[in-house]
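Each chain is listed here by its residues.
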Amino acid sequence: MSPDNNQILRVSKVVKRFGGFHALDGLSFHVVPGEILGLVGPNGSGKTTAINVISGLYAPDGGEVTFDGASIGGMASHRLVHRGINRTFQVPKPFMSLTVRENIGVALAYGRAAMTPPPMQALLDEYRLAGVADRPAADLNNVQQKMLDLVRALATRPRLLLLDELAAGLNPAELDWIAGRIKALAQSGIAIIVVEHLMGFIEQITDRIIVLNAGKEIFEGKLAVAVQVPQVIEVFLGGEHAA
Ligand code: ADP
Ligand code: MG
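What counts and how
Throughout, a residue's number is its position along its own chain's written sequence, starting from 1. Numbering of ligands from 1 and lettering of chains from A proceed in the order in which they are written. Totals for whole chains, interfaces and linings use all residues, but because this is a predicted model, local features are given only for residues with pLDDT of at least 70 and pairs of side-chain atoms are given and counted only at 80 or more. Side-chain numbers come from the whole structure's heavy atoms, not from hydrogens or water. All the domain ranges listed were derived from an automatic or database domain assignment. Residues count as neighbours in contact if any of their non-hydrogen atoms are within 4.5 Å of one another. Put simply, buried area is how much 1.4 Å-probe accessible surface two parts lose in total, over both of them, once they are put together. What counts as a salt bridge is simple: a side-chain nitrogen of Lys or Arg found within 4 Å of a carboxyl oxygen of Asp or Glu. Two N or O atoms count as a polar contact when they lie within 3.5 Å, although within protein this holds only if one can serve as hydrogen donor and the other as acceptor, and sequence-adjacent residues are included solely when both atoms are side-chain atoms. Strands here are runs of E lasting at least two residues and helices are runs of H or I lasting at least four, both read from the DSSP assignment and numbered beginning at the N terminus. Amino acid classes used here: Ala, Val, Leu, Ile, Met, Phe, Trp, Tyr, Cys and Pro are nonpolar; Asp, Glu, Lys and Arg are charged; the rest, including Gly, are polar. Distances are taken per atom, and a residue is near a molecule or strand as soon as one of its heavy atoms is within 4 Å of it. For every accessible area listed, the method is Shrake-Rupley and the probe measures 1.4 Å; residues are considered covered only by the protein chains on display. Being paired, for any two strands, means DSSP has found at least two bridges between them. Inter-axis angles, ranging from 0 to 180 degrees, are taken between N-to-C directions of lines fitted to C-alpha atoms, where helices are fitted over the stretch in contact. Oblique is the label for any angle not covered by the other classes, which are roughly parallel (under 35 degrees), roughly antiparallel (over 145) and roughly perpendicular (65 to 115). With water omitted from the atoms examined, metal sites may look incomplete; donors here are N, O and S atoms no farther than 2.8 Å from the metal, or 3.2 Å in the case of Na, K and Ca. For every residue, the accessible area (1.4 Å probe, protein chains only) is compared with the maximum for its type, and the residue is labelled buried under 20%, exposed over 50%, or partly exposed between those bounds.

Teacher, can you tell me more about the domain arrangement of the chain here?
It is common to report an interface's size as the accessible area lost on association of the parts. Here the domain parsing of the chain yields domain 1 (1-84 + 159-243) and domain 2 (94-157). Once you take the C-alpha centre of each, domain 1 and domain 2 turn out to be 24 Å apart. Taken together, the contact pairs 19 residues of domain 1 with 15 residues of domain 2. Of the roughly 1,500 Å² buried where domain 1 meets domain 2, counting both sides, 66% is carbon and sulfur surface. Summed over the shared surface of domain 1 and domain 2, the number is 1 salt bridge. For E126, the salt bridge goes to R181, with nearest N and O atoms at 3.0 Å. Where domain 1 meets domain 2, there are 3 residue pairs in polar contact (both at pLDDT 80 or more). Broken down by secondary-structure element, the contributors of at least two residues to the side of domain 1 that touches domain 2 are α2 (77-83), β7 (160-164) and α6 (172-187). Here the side of domain 1 that touches domain 2 takes 5 residues from α6, the largest share from any one element. Of the residues in the side of domain 1 that touches domain 2, the class split is 10 nonpolar, 4 polar and 5 charged.

Take a look at the structure:
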C-alpha cells in the first residue's frame, strides 16, 4: 500500500443516504497520482454516487473525503474544479446550443488558474472533434458527446479525473484508441478513477480495481485476482452484468 502522503484522494468510511437507503455504506479507498483505478460493481452498487460525492455534486452523510490532505466532503463542485477535480457524466451534459468550440472555451476559461490551459486546437485534434468544432453540441453523436465531455473536463486542468462509463457505446477500435489516451493522461501524472462495465477495457487500462457491492468495497487489488474471489464472482454472476 502506498504511503499516506502520496495519496491524492482518500475516501474514508463514506456514507451517502437517499431517504433511508444507503447508496454508500462506509466506502473506503484511495488513489495516487498517475494511477488508473477501476471502480466496478453491479448496477446500483453506488459507483456513480461515489463519483457524485467526490466531485461535490452530493455532500456525504458520513465519513471523510480528503484531497491533497484537505477535507473536501460537501465542498461545491465549482470549488473542487478549481482545486483540480473534474469528471465526465454517464450521460454527457454539454451546453447543447453552444458549439463544440464554445463548450470547450467555457471550460478553458473556468479551469485551474495555476496551470497553463491546453491549446483549443490540440484538444480538438486529440479527441477527434476538429471536424465538428463549429457545430452545436446537440448535433454530435453519442461518442462525440462523450469526447466533448472528456475534453471539457480536461480543459479545466484536473489532477484527479473521474470517468463514469466513458467507454460504454464505443466500438472496439474506439475503445483501443481511448484506452491509449487515458493511459497517456495518467502518465502525465493525473490520477484517474474509471467506472466501467467492460472488463476487457478495465483490464487493459487499470493498475488496480475496487469492487463495489451495495455501497461497500468487497475487493481491492488486481482484476486478475478479483475474478478468482468467490464473493466477487457471486456479485457479478448474481447481477445483470455477467460479462
Ligand atoms: P451505479 O452507478 O453503481 O449503477 P448509483 O450510484 O447510480 O449506482 O446508484 C446507487 C443506488 O442509489 C441505486 O439504488 C440508485 O437507485 C440510488 N440512487 C442514486 N442516486 C439517487 C438519487 N439522487 N435519489 C435516490 N436514489 C438514488
Ligand atoms: Mg452509474
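Any chance you could explain the site of ligand 1 here in plain terms?
Residues in close proximity to ligand 1 include F18, F21, A23, P42, N43, G44, S45, G46, K47, T48, T49 and Y58, which together make up its full environment. One of the side-chain nitrogen or oxygen atoms of T48 is found 2.9 Å away from an oxygen atom of ligand 1. Taking Y58, its side chain carries an N or O atom lying 3.1 Å from a nitrogen atom of ligand 1. Here ligand 1, which alone exposes 560 Å², has 63% of that area covered by the protein. Here the shell around ligand 1 is composed, by residue class, of 5 nonpolar, 6 polar and 1 charged.

Just to check I follow, could you spell out the sheet that holds strand β5 (residues 70-71) for this structure?
Whether parallel or antiparallel, the strands of a sheet pair through hydrogen bonds between backbone atoms. The 4 strands are arranged β2-β1-β4-β5 in an open sheet whose pairing can be described as antiparallel. The open sheet has two edge strands, β2 (21-31) and β5, and neither has a second partner.

Any chance you could explain the packing of helix α5 (residues 142-155) against α6 here in plain terms?
In a packed pair of helices, the relevant descriptors are the angle between the two axes and the axis-to-axis distance. α6 packs onto α5 with a crossing angle of 5° between their chain directions and a minimal axis gap of 13 Å. The angle between the axes of α5 and α6 places the two elements in the roughly parallel class. Contacts between α5 and α6 involve V143, M147, L150 and L154 from the first element and E174, W177, I178 and L185 from the second. Considering only residue class, the contact of α5 with α6 consists of 7 nonpolar, no polar and 1 charged.

Would you explain the coordination of the magnesium ion (ligand 2) in this entry?
Note on metal geometry: ideal angles are 109.5 degrees for four donors arranged tetrahedrally and 90 or 180 degrees for six donors arranged octahedrally. Taken together, the protein ligands of the magnesium ion (ligand 2) are T48 (OG1) and Q90 (OE1), with distances of 2.0 to 2.4 Å. Note that T48 is positioned in helix α1 (residues 47-54) and Q90 in the loop between β6 (85-87) and α3 (100-110), a separation of 42 residues in sequence. Judged by its relative accessible area of 37%, Q90 is partly exposed.

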